[in-house]
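Single-letter residue listing:
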Amino acid sequence: MDSSIYVSELVKPVLACFHDQDSRVRYYACEALYNIVKVTRGSVLPFFNDIFDGLSKLAADPDQNVKNGTELLDRLIKDIVTESSCFDLVAFIPLLRERIYTKNPFARQFVVSWIGVLDAVPDINMLVLLPEILDGLFQILGDSSQEIRKMCQGVLAEFLTGIQKSKSGVNYAGMANILIIHSQNPDDLISYTAIIWLNEFVLRANRAMLPFVSGVLNAILPNLTTNDIETKTKRSVVEAAEKLNSSLMNLINEVDDNPTPTLGISPENTPEKDVGKEVTEKLDSGEAKVTESEEIDRVFHLGSTLISLSALQLDVASVIDVLCRMVNHKDFQTRIASLKWFCHLLNRVPKKTFRNMDQVFPVLISTLADEKQSDEALLLGLQALAEISSSFAGQQLTFASSLGENQMVSMASGGNTDSTSSISNSQQQTSDTRSVSPNVYFKKFMVSLVSLFKEDRHLLEIRGPFIIRHLCLLLNSEDIFRSLAEILGEETDIKFTCMMVQTLNMILLTSTELFELRTQLKDLSTKESCSLFCCLYQSWCASPVATIALCYLSQNYRHAADLMLNFGDLEITVDFLNEIDKLIQLLESPIFAYLRLSLLDMDNNQDLVKSLYGLLMLLPQSEAFELLRCRLKCIPHYNQPSATHGSSESSVPDSRQAVRNIDFDELLHQFLEVQARHKEARRKHTGFLVKK
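Everything quoted here is computed from the prediction, not taken from an experiment. Within each chain, residue numbers correspond to sequence positions counted from 1 in written order. Local features in this predicted model are restricted to residues of pLDDT 70 or higher, and side-chain atom pairs are both shown and tallied only at a pLDDT of 80 or more, whereas totals for entire chains, interfaces and linings draw on every residue. Side-chain descriptors were evaluated using all non-hydrogen atoms of the structure, hydrogens and water having been removed beforehand.

**What about unusual backbone geometry?**
Its identity as a non-glycine residue notwithstanding, Asn 206 has a phi of 55°, on the positive side. Structurally, Asn 206 can be placed in the loop between α10 (188-205) and α11 (213-220). Within the chain, Gln 555 stands out as a residue other than glycine whose phi angle is a positive 60°. Under the DSSP-based scheme used, a helix requires at least four consecutive residues in state H or I and a strand at least two consecutive residues in state E, with every element numbered from the N terminus. As for its position among the elements, Gln 555 is in the loop between α28 (544-553) and α29 (557-564).

**Observations regarding the side chain of Lys 352**
The topology assignment puts Lys 352 in helix α16 (residues 350-354). We classify Lys 352 as buried; its relative accessible area is 6%. Within 3.5 Å is the distance limit for a polar contact, defined as a pair of N or O atoms, with the added protein rule that one can donate a hydrogen and the other accept it, and that residues adjacent in sequence qualify only through two side-chain atoms. Polar side-chain contacts of Lys 352 include one of 3.1 Å to the backbone oxygen of Asp 256. Contact between two residues is taken to exist if any of their heavy atoms lie within 4.5 Å; hydrogens are not considered. When near neighbours in sequence (up to four residues on either side) are disregarded, Lys 352 contacts Asp 256, Asp 257, Asn 258, Thr 260, Gln 313 and Val 316. Burial classification: accessible surface area is computed with a 1.4 Å probe over protein chains only, and a residue below 20% of its type maximum counts as buried, one above 50% as exposed, and the rest as partly exposed.

**Quick word on helix α3 (residues 48-58)**
In an α-helix, one turn spans 3.6 residues; hence positions three or four apart end up facing the same way. Within α3, eight of the eleven residues are buried, leaving the element largely enclosed by the surrounding structure. Those residues of α3 that fall on the buried side of the exposure criterion are Phe 48, Ile 51, Phe 52, Asp 53, Gly 54, Leu 55, Ser 56 and Leu 58. Its buried side turned inward, α3 meets α1 (7-16), α2 (23-40), α4 (64-83), α5 (89-99) and α6 (105-120).

**Quick word on helix α15 (residues 332-348)**
Take the residue count of a helix, subtract one, and multiply by 1.5 Å to get its expected span. Look at α15: 24 Å from first C-alpha to last across 17 residues, which is about the 24 Å you get at 1.5 Å a residue. Burial runs high along α15: twelve of the 17 residues are buried. Where α15 is concerned, the buried positions are Thr 334, Arg 335, Ile 336, Ala 337, Ser 338, Leu 339, Trp 341, Phe 342, Cys 343, His 344, Leu 345 and Leu 346. Residues of α15 that are buried make contact with α11, α12 (232-251), α14 (316-326), α16, α17 (357-369) and α18 (375-390). The opening residue of α15 is Asp 331, an N-cap whose side-chain oxygen sits 3.1 Å from the backbone nitrogen of Gln 333.

**Remarks on the pattern of salt bridges**
We define a salt bridge as a contact between a side-chain nitrogen of Lys or Arg and a carboxyl oxygen of Asp or Glu at a distance within 4 Å. Applying the stated rule across the entire model yields 20 salt bridges. For Arg 24, the salt bridge identified is with Asp 22, shortest N-O distance 3.5 Å. Measuring nitrogen to oxygen at the nearest pair gives 3.0 Å for the salt bridge that ties Arg 41 to Glu 83. Of the two residues, Arg 41 sits in the loop between α2 and α3 while Glu 83 sits in helix α4, which places them 42 residues apart along the sequence. Look at Arg 41 and you get partly exposed, because its relative accessible area is 29%. Here the residues in one salt-bridge network are Asp 53, Lys 57, Glu 98 and Arg 99, joined through shared partners.

**Digging into the packing of aromatic side chains**
What counts as a ring pair is set by centres within 6.5 Å for rings of Phe, Tyr and Trp (its six-membered ring), and what kind of pair is set by the plane angle: stacked under 30 degrees, edge-to-face over 60, tilted for all other angles. Here the structure, examined in full by the defined rule, presents 20 aromatic pairs. The interplanar angle of 70° and the centroid separation of 5.2 Å between the aromatic rings of Phe 48 and Trp 114 together place this pair among those described as edge-to-face. Of this pair, Phe 48 sits in helix α3 while Trp 114 sits in helix α6, and the two are 66 residues apart along the sequence. Look at Phe 48 and you get buried, because its relative accessible area is 4%. Members of the aromatic cluster, each reached through a chain of ring pairs, are Phe 48, Phe 52, Phe 87, Phe 92, Phe 110 and Trp 114. We count a charge as sitting over a ring when the NZ of a lysine or the CZ of an arginine lies within 6 Å of the ring centre and within 35 degrees of the ring normal. A cation over an aromatic ring shows up here: Lys 67 above the ring of Phe 106, its NZ or CZ 3.5 Å from the ring centre. Its end group placed over the ring of Tyr 594, Lys 522 keeps NZ or CZ at 4.3 Å from the ring centre.

**Regarding the environment of Lys 103**
One can find Lys 103 in the loop between α5 and α6. Separated by 36 residues in the primary sequence, Lys 103 and Gln 139 place their C-alpha atoms 9.2 Å from one another.

**Notes on the confidence of the model for the chain**
The predictor's confidence in any single residue is recorded as pLDDT, a number from 0 to 100. Averaged over every residue, the pLDDT of the chain is 85; the share at 70 or more is 82%. Here helix α20 (residues 419-433) is the element of the chain with the lowest mean pLDDT, 38, and α28 is the one with the highest, 97. Here residues 263-277 is modelled with pLDDT under 50, and outside its nearest four sequence neighbours on either side it reaches 24 contacts, counting other chains as well. For the stretch residues 401-436, pLDDT sits under 50, and the model shows twelve contacts to residues farther than four places along the chain or on other chains.

Have a look at this one:
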């Protein structure tokens, strides 16, 4: 007799007994259903969901006999499902998705065992429906029972192996956000597993993961901390996060800096949408999914529209939002990783990064203000700012701005026939000068740097020389000193200006990074070098000793002697004498070896000797006094010239052709004007303090 026709009448009454309050009834119901299933086999599969629902509850039954009966029935049902070719997985998934969130450890063990069995069946492709249960599996991975955690870990490992072997049917986008959430879990095993999965997704799905880059960075950058690594698992989390971070960096290339393509939607007279943002919205709403084909090219399915992954681009704005938050993170490794990302974006996608520069620039400037910042973080911040200041993308912004103004003028005058050629000529000129001309952000950087030092004088003392020296390696040192001199020339804070000039002067005279700039100022052989000297001189006037040092460096000894004659009218303070002391120490250094050798040529360097004797007369009898006096004693057969004022009559004119174009009388007048203003400012300040 065919028992399958009576399955409904047999199974339903027995299933109702699963919920009976009497444990003996529940046990005998398990035994009865076991016998029914053993006879009818596959005929009970239409009732599988009801049977599974009952067994999942009985697995957590307090009566041990009921549990034993449930285990026997469970093994039999698994055998039948494994050997069946008509199991309805799609109908089962909603129930599995519901039951997977159970908190009972026995029920969790039951659910995980079933997922493992179904995944092992060759005819059942669990990867297709994995997004439905992945979140629940990660919830179970955090169970307090080590046995359940290990069991769930094994199932997840099998799924990951299946993904690695699969060539199709993996919905990466459907699982990415789930993994991003769990990668932030405080449980090290959960976060480690999620990060490992995400890294595999990036390696396999490649550019299909671009819409999720900002979310992944927000999750993993805080995991890069190396502080308080107490366990092996925690160390593994850090290593996995580093690998994923590196994989994401490799994912981004120059294609992402191209104009954003449309998604195959009919064109409208509206601003172009951002592909990354639109795709992310489609993925989250379920309208989009990612599939893989055996060909190299992959595609997105957006409804009925087929989108090549080559059309996908990074949503740079969302990534920058994350980085701007992470750059101020409490952990220094996270800050360093964020700064590396800024440098990476500036190299790979400079145009789109510059569109968000109003957000990026202040954040990077703030990294310089933190005195507790590590040297590595500070160097990365400087590297990013230097890249911003010299990037061709920034020059294009300046060019576009000036071009827009020119076009407006042209249209206003009605002349547009030669617009194409004028644009072409302008582009050619821009291309010719881009390698040497800083962009608009260079000036902003220098102004911000001076403001930073002005607000925090301690930062100038502690980190100022380090910052400026390193910038001279990254950018053109002449541009840096010229720009800083111009900014300081407009500064109204006399004390700060003097302090800043003294710092810059010491850097100029001692840093190996500025050898070429010193050589340029020493020779003054070109019109440009003379222009630089005059530019520096105007701000160097804030510090008389720095001005003398600049004259010594540029071999303008006659002007140094003229300046020295006016030092008697200056206020001689302790700080002033300390600056002279430092200058005398520098005169004994290898940098000024040419100056000391010039003392041998007495006929042509009377002004040099006279200015040095002037320094000697200003000093009290101290160690610096003795040092300079001993040096001057080494001059062979020197007789002080008889002239009592000025040195122009007793000295030989400068033989350098370019120097003859410098108006030293005007420079001396500027120096005296600056010193007069400083003297008046000090007098007013003293009077204010007396009244107070």
